[in-house]
Amino acid sequence: MTYIETIDELEAIYGDAVPAAKAKTQYHITPLYRKWIEASRFLVLATVGPEGTDASPRGDDGCVVKIIDEKTVMLPDWRGNNLTDSLRNIIRDARVSLMFMVPGSNNVVRLNGRAKLSIAPDITASFERDGKHPRSVAVIKLDEIYFQCAKALMRSKLWISDDESADLPTAGQFVQEVKADFDAAAYDSGYAENAKKRMW
């Protein structure tokens with residue numbers, strides 16, 4: 001098997017970037033990027049730490065982040081599994097990447113920046129939902145923002161495919177694979193109802 005080992009080898013194969021791709025990068029949130037982000041209820045948060053990389057889905061029922069100014073967004077950490085992989089990474093390496101997606105659009109907006117975790121009461125309280133606050137909020141300073149070409153989502157037909165999950169493993173089955181006495185059927189059948197009480 002032959003591998004690419006150097007940047008020179010890589011550039012010899014791929015050549016120059018498309019001019020429009022080079023020109024699209026912005027260094028602040030423009031009005032059009034603000035409009036996109038405010039429509040996005042879902043993103044993927046990528047972080048890096050000593051143990052490696054992590055990519056985590058984040059979602060909300062409205063805008064998934066709060067835009068503070070043209071260089072700053074805040075991402076609340078709502079209830080999850082308490083593994084805190086992304087948060088541990090941010091504490092040790094501030095670099096983060098966000099991929100904002102909007103259902104129905106094949107474009108993706110990518111934001112790269114640096115994050116710090118805040119537990120300031122005024123910041124956590126600003127995200128209050130039904131009397132609940134996130135335990136921490138990632139305050140992200142933007143380095144660059146740009147849109148991703150639509151081909152990946154077009155190829156995968158992400159938004160127009162039928163439900164293809166019928167024969168795939170469930171969350172309960174994934175747990176049962178490593179914990180034989182786990183009741184996968186009970187976990188799966190009750191998850192949606194149980195999650196309603198623990199969304200925020």
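Quick note: structure is the one above.
First things first, this report covers the structure right here in the doc. (Residues numbered from 1 in each chain as written. Predicted model: local features only at pLDDT ≥ 70, side-chain atom pairs only at ≥ 80, totals over all residues. Heavy atoms only, no water.)

## A word on the nonpolar core
Next up, step 1: One finds Leu-43, Val-65, Leu-75, Leu-98, Phe-100 and Ile-140 to be the most contacted residues of the largest nonpolar core, which totals 24 residues.
Next up, step 2: Listing elements by their share of this core, those giving two or more residues are helix 3 (31–39), strand 1 (42–49), strand 4 (72–76), strand 5 (95–101), strand 6 (108–118) and strand 7 (137–148).
Next up, step 3: When residues in this core are grouped by element, the largest group, five residues, is from strand 7.
Next up, step 4: Not counting residues within four places of it along the chain, the set of residues in contact with Leu-75 comprises Leu-43, Leu-45, Arg-58, Val-64, Val-65, Val-137, Ala-138 and Ile-140.
Next up, step 5: Listed in part, the six residues of the second largest apolar core include Met-74, Trp-78, Ile-123 and Trp-200. (Core = buried A, V, L, I, M, F, W, Y, C linked by side-chain atoms within 4.5 Å. Buried < 20%, exposed > 50% of the residue type's maximum accessible area, 1.4 Å probe, protein only. Helix = DSSP H or I, 4+ residues; strand = E, 2+ residues; numbered from the N terminus. Contact = heavy atoms within 4.5 Å.)

## Structural notes on a nonpolar patch on the surface
Next up, step 1: A cluster of nonpolar side chains, contributed by Ile-4, Ile-7, Leu-10, Ile-13 and Tyr-14, occupies part of the molecular surface with about 540 Å² of accessible area.
Next up, step 2: Note on placement: Tyr-14 falls in helix 1 (residues 7–14). (Patch = residues over 30% accessible without salt bridge, like charges linked within 9 Å, V, L, I, M, F, W, Y side chains within 5 Å. Areas by Shrake-Rupley, 256 points an atom, 1.4 Å probe, with all protein chains shown as cover. Salt bridge = Lys/Arg side-chain N within 4 Å of Asp/Glu carboxyl O.)

## Remarks on a positive patch on the surface
Next up, step 1: Residues Arg-79, Lys-132, Arg-135, Lys-197 and Arg-198 make up a contiguous surface patch of positive charge.
Next up, step 2: Relative to the helices and strands, Arg-135 resides in the loop between helix 5 (121–125) and strand 7.
Next up, step 3: The exposed category is assigned to Arg-135, whose relative accessible area is 60%. (Lys, Arg positive; Asp, Glu negative; His and termini not counted. Charge placed at Lys NZ, Arg CZ, Asp CG, Glu CD.)

## Considering the side chain of Ser-56
Next up, step 1: As for its placement among the helices and strands, Ser-56 is situated in strand 2 (residues 52–59).
Next up, step 2: Side chain to side chain, Ser-56 and Arg-58 meet in a polar contact 3.1 Å long.
Next up, step 3: Sequence-distant contacts of Ser-56, defined by excluding residues within four places in its chain, comprise Leu-43, Val-44, Leu-45 and Ser-86. (Polar contact = N/O pair within 3.5 Å; in protein donor to acceptor, adjacent residues only side chain to side chain.)

## Notes on the sheet that holds strand 6
Next up, step 1: The seven strands lie next to each other as 2-1-5-6-7-4-3, forming an open sheet whose pairing is antiparallel. A strand with exactly one partner marks an edge of an open sheet, and here the two such strands are strand 2 and strand 3 (66–69). Between one strand and the next, the sheet's axes are offset by a mean angle of 30°, whatever the strand orientation.
Next up, step 2: Looking at chain direction, strand 6 and strand 7 are connected through eleven bridges and run antiparallel. Residue pairing in the sheet places Ser-118 in a bridge with Val-137 of strand 7. (Pairing = 2+ DSSP bridges. Axes fitted to C-alpha atoms, helices over the stretch in contact; angles between N-to-C directions.)

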